[in-house]
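Single-letter residue listing:
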Amino acid sequence: MIAIQQVEYEQKSILRNLLELYQYDSSEFDPEDDLNANGLYEYKYLDHYWTEDGRFPFFIKVDEKLAGFALVRDVGTDEFNQTVYSMAEFFVMKKYRNLKVGQLVAHELFNKFPGLWKVGQIETNIPAQAFWRKTIARYTNGNYSEIREAHWDGPIQTFSSVGR
């Protein structure tokens, strides 16, 4: 059984631990992501998920065991006043990746937050690009666009989750 659970403030340290695993796992794709003097990556936006509106942290669980997390952000509105969401960070532990956990969770989150979505990957993370293209193509029946933006180094898939 796969479940998504909102991370409560009291669970922040658990999310912090998972973020360390995530950053270690993705460090091969980001040469600027190094450990600090204490041997930690320290995700600099963690506290923002409890101090700023429009940030939504979730645990991913499989059979009630922690399997990863998703961090969703409301990044504003488009010209039609439709909310724009971003998958800020998304992590599924390796042992759960071949079980389609990520795809099922992503689809559930897209449905939970109806609006325009932007899902970006860094240029060097080819596995993430393949995952998101396949996941979004299945969700939208291929009805998505891939764009580039000046502030982001890599592809961004855009699509609407309204009316699904």
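Residues numbered from 1 in each chain as written. Predicted model: local features only at pLDDT ≥ 70, side-chain atom pairs only at ≥ 80, totals over all residues. Heavy atoms only, no water.

1. Details of the packing of aromatic side chains
Each aromatic ring pair is specified by the distance between its two centres and by the angle formed by the two planes. Evaluated as defined, the whole model comprises 17 aromatic pairs. Seen in terms of ring centroids, Tyr 43 and Tyr 45 are 5.8 Å apart; in terms of plane orientation they differ by 70 degrees. Their pairing is edge-to-face. Using a relative accessible area of 14% as the deciding quantity, one classes Tyr 43 as buried. Among the aromatic residues, ring-to-ring pairing joins Phe 56, Phe 58, Tyr 85, Phe 90, Phe 110, Phe 113, Trp 117, Phe 131, Trp 132, Tyr 139 and Phe 159 into one connected group. In this structure, Arg 55 packs its charged tip against the face of Tyr 49, placed 5.1 Å from the ring centre. (Phe/Tyr/Trp six-rings, centres within 6.5 Å; stacked < 30°, edge-to-face > 60°. Buried < 20%, exposed > 50% of the residue type's maximum accessible area, 1.4 Å probe, protein only. Lys NZ or Arg CZ within 6 Å of the ring centre and 35° of its normal.)

2. A look at the sheet that holds strand E5 (residues 116–120)
Spatially, E1-E2-E3-E4-E5-E7-E6 is the arrangement adopted by the 7 strands of the open sheet, whose pairing is mixed. The open sheet terminates on both sides in strands that have one partner only, identified here as strand E1 (2–6) and strand E6 (145–147). Shown here is a sheet whose adjacent strand axes are inclined to one another by a mean of 30 degrees, direction ignored. Each of strand E2 (55–62), strand E3 (65–77) and strand E4 (83–92) is contacted by helix H1 (residues 12–26), which is oriented at about 90 degrees to E3, the strand it contacts most. (Pairing = 2+ DSSP bridges. Helix = DSSP H or I, 4+ residues; strand = E, 2+ residues; numbered from the N terminus. Axes fitted to C-alpha atoms, helices over the stretch in contact; angles between N-to-C directions. Contact = heavy atoms within 4.5 Å.)

3. Considerations on the packing of helix H3 (residues 101–112) against helix H4 (residues 126–140)
Where H3 contacts H4, the axes come no closer than 10 Å and their chain directions differ by 55 degrees. If you check the angle between H3 and H4, you find them oblique. Between H3 and H4 lies a crossing whose hand is right-handed. Of H4, the residues touching H3 (which contributes Gly 102, Gln 103, Ala 106, His 107, Phe 110 and Asn 111) are Phe 131, Trp 132, Lys 134, Thr 135, Ile 136, Arg 138 and Tyr 139. Classifying every residue of the contact of H3 with H4 gives 6 nonpolar, 5 polar and 2 charged. (Parallel < 35°, antiparallel > 145°, perpendicular 65-115°, else oblique. Left-handed = near helix turned anticlockwise from the far one by under 90°. Nonpolar A, V, L, I, M, F, W, Y, C, P; charged D, E, K, R; others polar.)

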